[in-house]
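Breakdown of the fold
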Amino acid sequence: MKPVYTSEDLKNYTESLPGAWPYTRGPKATMYTERLWTIRQYAGFSTAAESNQFYKTALKAGQHGLSVAFDLATHRGYDSDHPRVSGDVGKAGVAINSVLDMKRLFDGIPLDQVSVSMTMNGAVLPVMAAFIVAGEESGVPRQKLSGTIQNDILKEFMVRNTYIYPPKPSMRIVADVIEYCAREMPQFNSVSISGYHIHEAGADLALELGLTLADGLQYVRVALERGLQIDNFAPRLSFFFATGMNFYMEIAKLRAARLLWAQLMQPFKPQNPQSSILRTHCQTSGWSLTAQEPSNNIIRTTVEAMASVFGGTQSLHTNSFDEALALPSALSARIARNTQLILQHETGIPNVVDPWAGSYMMETLTNQLAEQAREIIQKTEELGGMTEAVQSGLPKQWIEQSAAKRQARLDSGEEVLVGVNRYQSETQEVPEVFTVDNTQVMRDQLAGLKNLKATRDAKAVQKALAALKTGAQKNANLLELSVDAMRARATLGEVSDALEQVFGRYEARTSLVTGVYTQALGDPEELQDFLKQVKAFAKKEGRQPRILVAKLGQDGHDRGAKVVATAFADFGFDVDLSPLFLTPEEVARHAIENDVHAIGVSTLAAGHKILVPELLQALKHQGAGDILVFVGGVIPEQDHDFLYKQGVCAIFGPGTPLLKSAQKVLDCLCNRSN
């Protein structure tokens with residue numbers, strides 16, 4: 001960005017109006033002057049009954065639509081009683097095992113009046129099917145259900161990792177959902193193409209924009225290959241972007257997204273103007289939230305929300321200030337929701353449609369971002385489209401490189417983070433945080449599963465699952481067959497397992513980017529001093545300090561793990577990355593086989609009080625109690641003492657400089673060997 005922009009920067013500027021092609025200024029001519037954006041807060045935790053009460057309270061307080069967060073077990077297609085998910089049930093979202101859970105989730109909520117967004121990708125078939133049946137059984141036919149299912153599996157293979165099946169059958173499932181919704185659910189968005197998770201994984205804005213639109217282009221082609229006409233499904237495609245702290249650029253990003261999408265759709269010759277309009281939900285950045293001085297996050301969220309609105313979002317989620325510590329408390333959730341209400345009703349911001357139009361700066365930034373995103377889209381096209389690009393691993397590598405560079409800028413102080421790397425307070429804020437009693441959730445879910453299986457028609461369930469399996473082997477619409485199975489009271493895990501028997505379960509390759517972090521960090525004196533310490537350790541021990549960086553359970557959010565692994569490798573450590581989705585016992589075995597000195601556990605999904613102690617016990621049982629364990633991620637201060645008593649050697653919260661973390665780990669290793 002330049003400090004001054006003039007008319008010289010806009011020589012090729014073409015003026016347009018809101019609601020007119022290419023929709024740079026907004027999808028509607030009147031925008032918020034007639035209809036405000038939808039307040040759609042993303043929420044879900046514990047059991048369906050508890051989340052239901054939370055939703056009702058939020059709707060009474062001014063929220064317009066619902067956005068459901070599912071727990072990691074549900075995302076990965078496991079019922080709550082599966083042995084691999086004991087630490088994940090109900091923690092980072094609501095546990096859903098069957099239609100009965102889905103009916104409890106929306107009990108007393110009129111599904112013909114309230115739109116529902118569901119962030120679900122891997123287990124999209126049983127979740128969407130359970131929602132359809134729950135609507136039916138509450139008196140709302142599927143034709144009247146409104147909302148959005150994310151159904152964006154490509155970005156799962158790039159960043160978020162809640163996939164189940166390999167890419168090819170996963171893309172078939174995407175097409176089945178699009179086809180079914182086009183035929184049966186005219187008010188429902190069949191795909192929400194998500195840049196949010198790409199942004200949160202570390203992509204810069206141009207990379208987020210380019211990869212997201214390339215994903216959307218791939219979904220359009222998949223639907224056309226299915227025989228659908230462009231105007232039969234394109235008007236129900238939606239997008240989902242993150243909004244970070246780069247205020248002007250975030251506004252430009254949303255304007256550029258609409259411009260680019262309208263242009264990308266032209267070769268498909270849509271007749272309906274709605275087919276060329278990019279409609280989007282936005283969410284303020286979770287990654288920009290800090291554990292240090294969390295009250296600062298209220299200000300960050302407000303700035304990001306304003307950028308979303310100035311950019312022309314159709315709906316918005318504002319994050320709670322304590323989400324770098326734990327799940328949102330009732331107080332923080334209310335502040336987050338009221339942030340939007342204040343923007344809507346007190347500021348006057350909605351009274352003008354795209355007030356940035358014609359700005360020398362904003363129009364220049366919009367065009368520049370669009371051009372950079374076009375180049376990224378072209379790169380994916382040269383790889384054969386996004387499905388092929390994702391399987392090549394290149395987009396994932398681009399994102400990881402971007403994340404490592406960003407972390408280095410923060411750690412060096414080149415990029416300021418108030419309260420973290422500059423202007424730190426001498427007093428520490430320790431807000432009261434919300435936690436989920438996983439033990440009680442497990443009891444409730446297991447009891448519900450037991451009752452379901454005891455009272456259902458087992459033969460009808462097996463018949464429906466057999467039909468689903470046969471349909472997967474042929475060319476049947478799998479959402480249609482999943483609706484039959486969930487109506488018969490099959491569980492989410494049973495539907496997922498039937499498909500897994502045909503498609504298999506996907507296992508990603510782990511890879512490590514090296515050299516990027518220190519190149520961006522530069523060559524500070526502290527780094528040279530630390531490298532000397534590493535050499536001294538290696539001379540004494542006969543080898544480099546060796547660590548295993550691991551995720552436990554079904555938590556696939558691996559940005560932190562990848563950045564830590566990259567930095568530690570650059571600092572002279574030998575670093576192994578464990579595969580995702582391992583149990584504590586499997587991680588312990590992996591560590592022993594790789595003869596590591598320490599294990600670094602990255603945790604973002606609130607399972608640390610269950611899974612980390614299980615890891616420590618597994619190490620002892622396997623005769624490797626001398627392997628040190630350190631933990632980083634979203635860990636409330638109140639849990640630190642518990643983890644230290646269990647035997648953890650160090651805990652690093654969000655924002656901890658990586659060189660400082662490495663120094664602490666090396667000190668622990670040196671103290672152990674002395």
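Below is a short write-up of the structure.

Conventions adopted
Residues numbered from 1 in each chain as written. Predicted model: local features only at pLDDT ≥ 70, side-chain atom pairs only at ≥ 80, totals over all residues. Heavy atoms only, no water. Helix = DSSP H or I, 4+ residues; strand = E, 2+ residues; numbered from the N terminus. Rg over C-alpha atoms; globule rule 2.2 N^0.38 Å. Buried < 20%, exposed > 50% of the residue type's maximum accessible area, 1.4 Å probe, protein only. Contact = heavy atoms within 4.5 Å. Areas by Shrake-Rupley, 256 points an atom, 1.4 Å probe, with all protein chains shown as cover. Lys, Arg positive; Asp, Glu negative; His and termini not counted. Charge placed at Lys NZ, Arg CZ, Asp CG, Glu CD. Pairing = 2+ DSSP bridges. Axes fitted to C-alpha atoms, helices over the stretch in contact; angles between N-to-C directions. Salt bridge = Lys/Arg side-chain N within 4 Å of Asp/Glu carboxyl O. Core = buried A, V, L, I, M, F, W, Y, C linked by side-chain atoms within 4.5 Å. Phe/Tyr/Trp six-rings, centres within 6.5 Å; stacked < 30°, edge-to-face > 60°. Lys NZ or Arg CZ within 6 Å of the ring centre and 35° of its normal. 1 Å grid on protein atoms, 1.4 Å probe; cavity = no way out; pocket = protein on both sides within 12 Å on 5 of 7 lines; lining within 4 Å. Points joined across faces, edges and corners; volume = space filled by probe spheres on them. Nonpolar A, V, L, I, M, F, W, Y, C, P; charged D, E, K, R; others polar. Right-handed = clockwise from strand over helix to strand, strands pointing away. Parallel < 35°, antiparallel > 145°, perpendicular 65-115°, else oblique. Left-handed = near helix turned anticlockwise from the far one by under 90°.

When helices and strands are tallied, the chain shows 26 helices and 14 strands. A globule of 674 residues ought to have a C-alpha radius of gyration of about 26 Å, and the chain, at 25 Å, matches this closely. With the principal axes as the frame, the chain shows a C-alpha extent of 75 × 75 × 50 Å. Relative to its 674 residues, the chain shows a buried fraction of 59%. Excluding contacts between residues fewer than 6 apart, the proportion of contacts in the chain whose partners are at least 24 apart in sequence is 80%. Carbon and sulfur atoms provide 50% of the accessible area of the chain, an area that totals close to 26,300 Å². Looking at the chain, you have 66 positive and 74 negative side-chain charges, and the mean spots of the two groups are 4 Å apart.

What follows is about the sheet that holds strand E10 (residues 546-550). The 5 strands are arranged E11-E10-E12-E13-E14 in an open sheet whose pairing can be described as parallel. A strand with exactly one partner marks an edge of an open sheet, and here the two such strands are strand E11 (574-577) and strand E14 (650-652). Within this sheet the neighbouring strands show an average axis-to-axis angle of 20°, counted without direction. Where strand E12 (residues 598-603) meets strand E13 (residues 628-633), 6 bridges bridge the pair, whose relative direction is parallel.

Okay, the pattern of salt bridges next. Summed over all chains, the structure comprises 38 salt bridges. One salt bridge connects Glu371 with Arg374, and the closest N-O pair in it is separated by 3.0 Å. Here Glu371 pairs with Arg374, and both are found in helix H13 (residues 360-382), just 3 residues apart, close to one helical turn. Take Glu371: its relative accessible area is 39%, and that puts it in the partly exposed class. Judged by relative accessible area, Arg374 falls into the partly exposed class, the value being 30%.

Attention now goes to the nonpolar core. Among the nonpolar cores identified, the biggest contains 77 residues, and Leu213, Phe233, Trp261 and Ile399 are the most heavily contacted of them. Excluding its chain neighbours within four sequence positions, the residues that come into contact with Ile399 are Met158, Val159, Ile198, Ala201, Gly202, Ala203, Leu207 and Leu211.

What follows concerns the packing of aromatic side chains. Think of a pair of aromatic rings as described by two things: how far the centres are apart, and how the planes are tilted against each other in angle. With the rule as written, the count across this model stands at 23 aromatic pairs. For the pair Tyr196 and Phe240, a centre-to-centre distance of 5.0 Å together with 5° between the ring planes defines the contact as stacked. On the criterion of sequence distance, the pair formed by Tyr196 in helix H7 (residues 196-200) and Phe240 in strand E7 (residues 237-243) is long-range, its members being 44 residues apart. As far as the burial class goes, Tyr196 and Phe240 line up, both buried. Judged by centre distance (5.0 Å) and plane angle (55°), the rings of Phe568 and Phe573 are tilted. Among the aromatic residues, those joined into a ring-pair cluster are Tyr517, Phe530, Phe568, Phe571, Phe573, Phe630 and Phe652. Above the face of the Tyr5 ring, Lys2 is positioned so that its terminal group lies 5.1 Å from the ring centre. Against the face of Phe642 rests Lys609, its NZ or CZ located 5.1 Å from the ring centre.

Let's shift gears to unusual backbone geometry. For the bond from Trp21 to Pro22, the omega torsion is 5°, close enough to zero to count as cis. Position of Pro22 relative to the elements: it lies in the segment before strand E1 (38-43). Here Asp354, not a glycine, exhibits a phi torsion of approximately 40°, which is positive. Note that Asp354 resides in the loop between helix H12 (330-345) and H13.

This brings us to empty space enclosed by the protein. For the structure on display, the rule yields 6 cavities of 30 Å³ or more. The volume enclosed by the largest cavity comes to roughly 100 Å³. As for the largest cavity, its lining consists of 13 residues, of which Tyr32, Val309, Phe310, Gly312 and Asp354 are closest to the centre. When grouped by side-chain class, the residues that make up the lining of the largest cavity number 8 nonpolar, 2 polar and 3 charged. The wall of the second largest cavity is formed by Asp88, Leu552, Asp555, Val601, Ser602, Thr603, Ala605, Gly607, His608, Leu611 and Val612.

Moving on to the pairing of strand E8 (residues 280-284). A large share of E8 lies buried, amounting to 5 of its 5 residues. Burial of the side chains of E8 extends over both faces: Thr280, Cys282 and Thr284 are buried on one face and His281 and Gln283 on the other. Two strands pair when backbone bridges link them, and E7 and E8 are joined in this way by 5 bridges, in the parallel orientation. Looking at E8, one finds that Phe239 is bridged to Thr280. Note on the crossover from E7 through helix H10 (residues 247-265) to E8: the handedness is right-handed. Bridge analysis of E8 against strand E9 (residues 315-317) gives 3 bridges, and the strand direction is parallel. Across the sheet, the residue bridging to Cys282 is Leu316, located in E9.

Of the volumes computed, that of the second largest pocket is approximately 710 Å³. If you trace the second largest pocket, you find 33 residues lining it, with Ala291, Gln292, Gln428, Glu637 and Gly653 closest to the centre. Broken down by secondary-structure element, the contributors of at least two residues to the lining of the second largest pocket are helix H25 (640-646), E14 and helix H26 (658-673). Take the lining of the second largest pocket: its biggest share by element is 3 residues, from E14. Grouping the amino acids of the lining of the second largest pocket by side-chain chemistry returns 15 nonpolar, 12 polar and 6 charged.

It is worth spelling out the sheet that holds strand E4 (residues 147-149) at this point. Judged by pairing direction, the sheet is parallel, and its 9 strands sit side by side in the order E5-E4-E3-E2-E1-E9-E8-E7-E6 without closing on themselves. A strand with exactly one partner marks an edge of an open sheet, and here the two such strands are strand E5 (188-189) and strand E6 (191-194).

By the secondary structure assignment, Leu205 is in helix H8 (residues 205-225). Taking C-alpha positions, Leu205 is 7.1 Å from Lys253, a pair spaced 48 residues apart along the chain. Non-local contacts of Leu205, meaning those with residues more than four positions away in its chain, are made with Met249, Glu250, Lys253 and Leu369.

Attention now goes to the packing of helix H23 (residues 584-593) against helix H24 (residues 608-621). The geometry of H23 relative to H24 is characterised by a closest axis approach of 8 Å and an angle of 45° between their N-to-C directions. With respect to each other, H23 and H24 are oriented oblique. Where H23 crosses over H24, the handedness of that crossing is right-handed. In this structure, H23 uses Pro584, Glu585, Val587 and Ala588 to contact H24, whose residues at the interface are Leu611, Glu614, Leu615, Ala618 and Leu619. Taken together, the residues that form the contact of H23 with H24 break down as 7 nonpolar, no polar and 2 charged.

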